[in-house]
Amino acid sequence: MSRMQKPFARAAKRRKTSFIIGVILLFLLGSMGYTAGSATADSSAGKTFAKPTKAITVSYKDAVLEGYGIEKRGRVPEAKDTLYDGEGYISFFFEEVANAAKPIGSATFMVNVPEAGLYKLSVGYYLPQGNGDKVTAIRVNGAGAGELTLDTPPAGTVRAEKTITKVMLNAGSNTVTILRGWGYYGIEHIKLEPADPPVPGPKKATDILTNPDATPEARALMNYMLNQYGRKIISGQHTLEDAEWIRQQTGKSPAILSGDLMDYSPSRVEKGAASTEIEKMIQWYERGGIVSLCWHWNAPKGIGNEEPGREWWRGFYTEFTTFDVAYALQHPDSEDYRLLIRDIDAIAVQLKRLQDHNVPVLWRPLHEAEGGWFWWGAKGPEPAKQLYRLMYERLTHHHKLNNLIWVWNSEKEEWYPGNEVVDIVSVDIYNPAGDYHPNIAKYDNLLALSNQKKIVALAENGPIPDPDLLRVYGADWNFFSTWTGEHIRDGKTNTLEHLKKIYHHDYILTLDELPADLYSSLTYQAEHGVPIGLALDKRDSYASEFATVRDGTSGKLRIKANAAPGTYTLTVRYKADNGQKKGKVMVNNRPALNYTFTGTKMWKNAALGQMTLRKGENIIDIQPLGGGVSIDYVKLTYVASTTKNPG
């Protein structure tokens, strides 16, 4: 990251700082006077999704400029650049001026589209070599549309065109305004073309953890998160104090409490730092909540003391340490490498305390590495990935920490350590205050990163995405976790009205809505099974599907359960419209239980008995299912381990 990018990035960091419903929502919001970024609409009728048309391109020449520093240039390269070969651009090559009489420069493009609906927005831009990626923001029809990234063009080039997001447009005239953001880039044109509408409902991903010895509690939590993925978003908040403040303001508490192991870093402990973060996490777990942890890892050495501006507690920032992660990893016999291991081992002690209390952890180490502002990302993607894998190996195999769900925190392909060591992919997003856009571009990037095999989450955020817009755009973040301080309390980043909407919205899961058996049960919805001779029906687009037998035929429902070894109680939620049905349950091709479904036209839970499962995949067949039988889900409730050290 160039020095010109640092002020913006660091300021953000320091501030921490159904298909039917979906169609109806888009129909209503897109055609009834909807303005992107707003969840309100006027009541008029008539339009549908944007129909396929030719892409609409608007040149830089037609943009309207406002504010200081910005200008239109022809074939004029920036500074000494010799690679620019475009026709011209809007120049965002200027520094911000404190207390300026005019606003910071921005560019507004007028766009006319024939149909209201969701459109892909592409930007043609100019970014001279050596300046790294740029982050900016746009406004559509006056409302925020989220934080956006302009990637560094391929080597040897300084121009690129990128689809950066999707936007909701009204039929007729619309405005797209590009804000300065980090600055130091040029905009050549914007392009809009109709986007496919989102497909609502549960998402396909995996709940199989990368650690085959994961604890029953970790497996159960991951299973629960998969079951909510695409149906609901799980609420989260950083710090216990801010979670309590939310409860006082809204009457509801977040489901996830996020904490930080920063003050367990040995180089901070040496300076007298102390923490009660683990005790707070245990307390939250005992209340039935979900625990998430990051680690602002104070560099093992090379940090300051007490000199003003370079104090030791700043040591997780790149500019406040001389520690070289690349050197340490390249020299495993060095003191620097041994200090890496020392620090990881110190954190393992704290994570072990959580495991001893049966607490599973959404574990997010080396967060925001790609930004470069933290020392673990300062030397580029390869050392960061190597350090992540070292930590994974050390914590998982050496320390036997089986309570961790590993959350990667970058959307960039070159930074990704691989599906085999990542359970959830995530990103941190800090939109401008009051911008509740769902950040669909970053969501889509994360889907592609793991080839849609991993759950996608918003690990840190400033403004909380509007739940109505999440459905409209199809941004199915699994959870969010709002950062601390002014991000939650200043009344601007998230207004109190917005917080009350969030915490009382039927799309948002809060602490009181988490199931009592969250950490003891594995639930397999019918659509996550293999219906053999069955059909899948939907109650609505965002609810789960169920498997049913029609027309007097028969079939079976197969569930592939990934479990810790042990004894489980099997419960089936079913209907039997045509009277009593009997059959058997097979586990790994062996008879395990007989079942009797009493006749009922209402959904009913039946506990069929106990069975023993092996570690890893188990094949459970419920057969034969006669006509009129429907199954909503199969639940396995952990009773006891079959080994001395379960999982």
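About the cut-offs
Residues numbered from 1 in each chain as written. Predicted model: local features only at pLDDT ≥ 70, side-chain atom pairs only at ≥ 80, totals over all residues. Heavy atoms only, no water. Helix = DSSP H or I, 4+ residues; strand = E, 2+ residues; numbered from the N terminus. Areas by Shrake-Rupley, 256 points an atom, 1.4 Å probe, with all protein chains shown as cover. Buried < 20%, exposed > 50% of the residue type's maximum accessible area, 1.4 Å probe, protein only. Contact = heavy atoms within 4.5 Å. Axes fitted to C-alpha atoms, helices over the stretch in contact; angles between N-to-C directions. Nonpolar A, V, L, I, M, F, W, Y, C, P; charged D, E, K, R; others polar. Pairing = 2+ DSSP bridges. Core = buried A, V, L, I, M, F, W, Y, C linked by side-chain atoms within 4.5 Å. Salt bridge = Lys/Arg side-chain N within 4 Å of Asp/Glu carboxyl O. Phe/Tyr/Trp six-rings, centres within 6.5 Å; stacked < 30°, edge-to-face > 60°. Polar contact = N/O pair within 3.5 Å; in protein donor to acceptor, adjacent residues only side chain to side chain. pLDDT = per-residue confidence, 0-100.

Asks: Would you explain the overall build of the chain in this entry?
Replies: A tally of helices and strands in the chain yields 13 helices and 32 strands. Surface summary for the chain: the accessible area is close to 25,100 Å², and the carbon and sulfur share equals 50%.

Asks: Would you mind showing me how to read the side chain of Ser630 here?
Replies: Considering the arrangement of structural elements, one finds Ser630 in strand 32 (residues 629-641). Note on Ser630: relative accessible area 4%, which makes it buried. For Ser630, the residues in contact, after removing those within four places along its chain, are Phe546, Ala547, Thr548, Arg573, Tyr574, Lys575 and Trp603.

Asks: What am I meant to see in the packing of helix 4 (residues 240-250) against helix 6 (residues 277-286) here?
Replies: The description of two packed helices rests on the angle between their axes and on the distance between the axes. Running from N to C, helix 4 and helix 6 cross one another at 40°; their axes reach a closest spacing of 11 Å. On the side of helix 4, the interface is formed by Leu240, Glu241 and Ala243, while helix 6 contributes Lys280, Gln283 and Trp284. Here the contact of helix 4 with helix 6 is built from residues that sort into three nonpolar, one polar and two charged.

Asks: Would you mind going over the sheet that holds strand 31 (residues 616-625) with me for this structure?
Replies: The pairing of strands in a sheet comes from backbone hydrogen bonds and takes either a parallel or an antiparallel form. An order of 23-26-31-28-29 is seen for the five strands of this open sheet, with the pairing classed as antiparallel. Both outer strands of the open sheet, strand 23 (530-532) and strand 29 (590-597), are each paired with one neighbouring strand and no more. Averaged over all adjacent pairs, the angle separating strand axes in this sheet is 20°, with direction ignored. Judged from the three bridges that link them, strand 23 and strand 26 (residues 555-563) form a sheet pairing that is antiparallel. Note that in strand 26 the partner of Val530 across the bridge is Arg558.

Asks: Would you mind going over the sheet that holds strand 2 (residues 64-66) with me for this structure?
Replies: Read from one edge to the other, the open sheet built from five strands follows the order 2-5-10-7-8, with strand pairing classed as antiparallel. Where the open sheet ends on each side, the last strands, each with one partner, are strand 2 and strand 8 (143-150). Averaged over all pairs of adjacent strands, the angle between strand axes in this sheet comes to 25°, irrespective of strand direction.

Asks: Would you take a moment to explain the nonpolar core for this structure?
Replies: The nonpolar side chains of soluble globular proteins are, as a tendency, buried together. If you look at the biggest cluster of nonpolar residues, it comprises 115 residues, and the most contacted ones within it are Trp363 and Trp477. Looking at this core element by element, the count peaks at eight residues for helix 8 (residues 335-356).

Asks: Help me understand the pattern of salt bridges, please; the structure alone is not making it clear to me.
Replies: Opposite charge on two side chains makes pairing possible when the charged atoms of those side chains draw close. Across all of its chains, the model carries 39 salt bridges by this definition. Between Lys166 and Asp444 there is a salt bridge, with its nearest N and O atoms 3.3 Å apart. Of this pair, Lys166 sits in strand 9 (residues 159-169) while Asp444 sits in helix 10 (residues 440-449), and the two are 278 residues apart along the sequence. In this structure, the salt-bridge partner of Asp336 is Lys301, at a minimum N-O distance of 2.7 Å. Of the two residues, Asp336 is situated in helix 8 and Lys301 in the loop between strand 15 (290-294) and helix 7 (325-330); the sequence distance between them amounts to 35 residues. For Lys301, a relative accessible area of 32% translates into the label partly exposed. A single network of salt bridges, built from pairs that share partners, joins Asp133, Asp151, Lys162 and Lys412.

Asks: Explanation requested: the packing of aromatic side chains in the structure shown.
Replies: Each aromatic ring pair is summarised here by two numbers: the centre-to-centre distance and the angle between the ring planes. On inspection of all chains with the given rule, the structure shows 25 aromatic pairs. Each ring, one from Tyr89 and one from Tyr126, has its centre 4.9 Å from the other, and the planes form 65°; the classification is edge-to-face. Note that Tyr89 is positioned in strand 4 (residues 89-91) and Tyr126 in strand 6 (residues 117-126), a separation of 37 residues in sequence. Take Tyr89: its relative accessible area is 0%, and that puts it in the buried class. Chaining the aromatic ring pairs together yields one cluster made of Trp295, Trp297, Phe316, Tyr317, Phe320, Phe323, Phe374, Trp375 and Trp376.

Asks: Can you help me understand the side chain of His189 in this one?
Replies: Along the chain, His189 falls in strand 11 (residues 186-194). At 2.6 Å, the side chain of His189 forms a polar contact with the side chain of Glu161. Discounting chain neighbours no more than four positions away, the residues touching His189 are Thr57, Val58, Ser59, Tyr60, Ser122, Val123, Gly124 and Glu161.

Asks: Whenever I open this one, the pairing of strand 5 (residues 106-113) confuses me. Can you help?
Replies: Side chains on a regular strand alternate between the two faces of the sheet. Along strand 5, six of the eight residues are buried, which leaves the element largely enclosed by surrounding structure. Inspection of the sheet shows strand 2 paired to strand 5 by three bridges, in the antiparallel sense. Each residue of the ladder has a partner; that of Glu66, found in strand 5, is Ser106. Relative to strand 10 (residues 172-178), strand 5 runs antiparallel, the two sharing seven bridges. The partner of Phe109 across the bridge, within strand 10, is Val176.

Asks: Help me understand the environment of Asn131, please; the structure alone is not making it clear to me.
Replies: Relative to the helices and strands, Asn131 resides in the loop between strand 6 and strand 7 (134-140). Classification of Asn131 as buried rests on a relative accessible area of 10%. Separated by 53 residues in sequence, Asn131 and Tyr184 have C-alpha atoms that sit 8.0 Å apart.

Asks: Help me understand the confidence of the model for the chain in this model?
Replies: In regions of low pLDDT, the predicted coordinates are not meant to be interpreted in detail. On average, residues of the chain carry a pLDDT of 89, and 89% of them reach 70 or more. Within the model, the stretch residues 1-49 combines pLDDT values under 50 with 127 contacts to residues more than four positions away or in other chains.

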